[in-house]
Amino acid sequence: MDRNAYIENLKSQLDKWNAEVTKWESQASKAQAGMRAEYEKQLTAIKQHQREAMEQLRKVQASSGDAWMELQRGADEAWARMRKAFENASASFKRK
């Protein structure tokens, strides 16, 4: 995969996650106290991973030539952590 396609793929996935997080934030605001705390915990974890993923995306975007390939590993790792946090949160929000 070339750099531009890779970046577009990351952006697309991040957009999907962001849309889902927005739904969860609404759900959390309407939840009762006990569930709200769990939702907020999951949202906090996701937002931290989002920041890390965005930082890696910015690095890849700013890279040139073959340098982006070196940064790809860090981006892939950040995305894997984000995916795991997203799956964990998804399970929590579906238990509602």
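Everything numeric here is computed off the predicted structure, so don't read it as measured data.

Before going further, it helps to spend a moment on the side chain of Gln42. Along the chain, the position of Gln42 falls in helix α2 (residues 33-62). Engagement of the side chain of Gln42 in a polar contact is seen with the side chain of Glu38, the distance being 3.0 Å.

Let us now look at the packing of α2 against helix α3 (residues 67-94). Two elements in contact, α2 and α3, have axes whose closest approach is 9 Å; the angle formed by their N-to-C orientations is 165°. Between α2 and α3, the crossing angle belongs to the class labelled roughly antiparallel. The hand of the α2/α3 crossing is left-handed. Of the residues belonging to the contact of α2 with α3, the class tally is 18 nonpolar, seven polar and four charged.

Geometry of a packed helix pair, given as the angle between the helix axes and the separation of the axes. At a closest axis distance of 10 Å, the pairing of helix α1 (residues 3-30) and α2 adopts a crossing angle of 160°. The pairing of α1 with α2 is recorded here as roughly antiparallel in orientation. As for the relative orientation of α1 and α2, their crossing is left-handed in sense. In terms of residue class, the contact of α1 with α2 is made up of 14 nonpolar, five polar and six charged.

Per the counting criterion, the structure on display carries four aromatic pairs. Both rings, one in Trp17 and one in Phe86, keep their centres 5.8 Å apart while their planes meet at 35°; by these two values the pair is tilted. In this pair, Trp17 sits in helix α1 while Phe86 sits in helix α3, placing the two residues 69 residues apart along the sequence. Pair check on accessibility: Trp17 and Phe86 agree, each one buried.

This part is about the confidence of the model for the protein chain. On average, residues of the protein chain score 86 in pLDDT, and 98% of them are at 70 or above. Taken element by element, the protein chain is modelled with least confidence in α3, mean pLDDT 85, and with most confidence in α1, mean pLDDT 89.

Rules used in this analysis
- Counting starts from 1 at the beginning of each chain's written sequence and moves along it residue by residue.
- Totals for whole chains, interfaces and linings use all residues, but because this is a predicted model, local features are given only for residues with pLDDT of at least 70 and pairs of side-chain atoms are given and counted only at 80 or more.
- Side-chain calculation: all heavy atoms of the structure are included, whereas hydrogens and water are not.
- Labels follow the DSSP assignment, with helices taken as runs of H or I lasting at least four residues and strands as runs of E lasting at least two, numbered in each case from the N terminus.
- Any pair of nitrogen or oxygen atoms within 3.5 Å is treated as a polar contact; in protein, a donor-acceptor pairing is required on top of that, and neighbouring residues in sequence qualify only through side-chain atoms on both sides.
- Only C-alpha atoms enter the line fits that serve as axes; for helices the fit covers just the stretch in contact. Angles between N-to-C directions range over 0 to 180 degrees.
- The cut-offs work like this: below 35 degrees is roughly parallel, past 145 is roughly antiparallel, 65 to 115 is roughly perpendicular, and the gaps in between are oblique.
- By convention the crossing between two helices is left-handed if the near helix lies anticlockwise of the far one by an angle smaller than a right angle, and right-handed if it lies clockwise.
- Amino acids are sorted into nonpolar (Ala, Val, Leu, Ile, Met, Phe, Trp, Tyr, Cys and Pro), charged (Asp, Glu, Lys and Arg) and polar (every other residue, Gly among them).
- Between 30 and 60 degrees the pair is tilted, below 30 it is stacked and above 60 it is edge-to-face, where a pair is any two Phe, Tyr or Trp rings, Trp via its six-membered ring, whose centres lie within 6.5 Å.
- Note on exposure labels: buried denotes an accessible area under 20% of the residue type's maximum, exposed denotes more than 50%, and partly exposed covers the range between, all computed with a 1.4 Å probe on protein chains only.
- A residue's pLDDT is simply how confident the predictor is in it, with values from 0 to 100.

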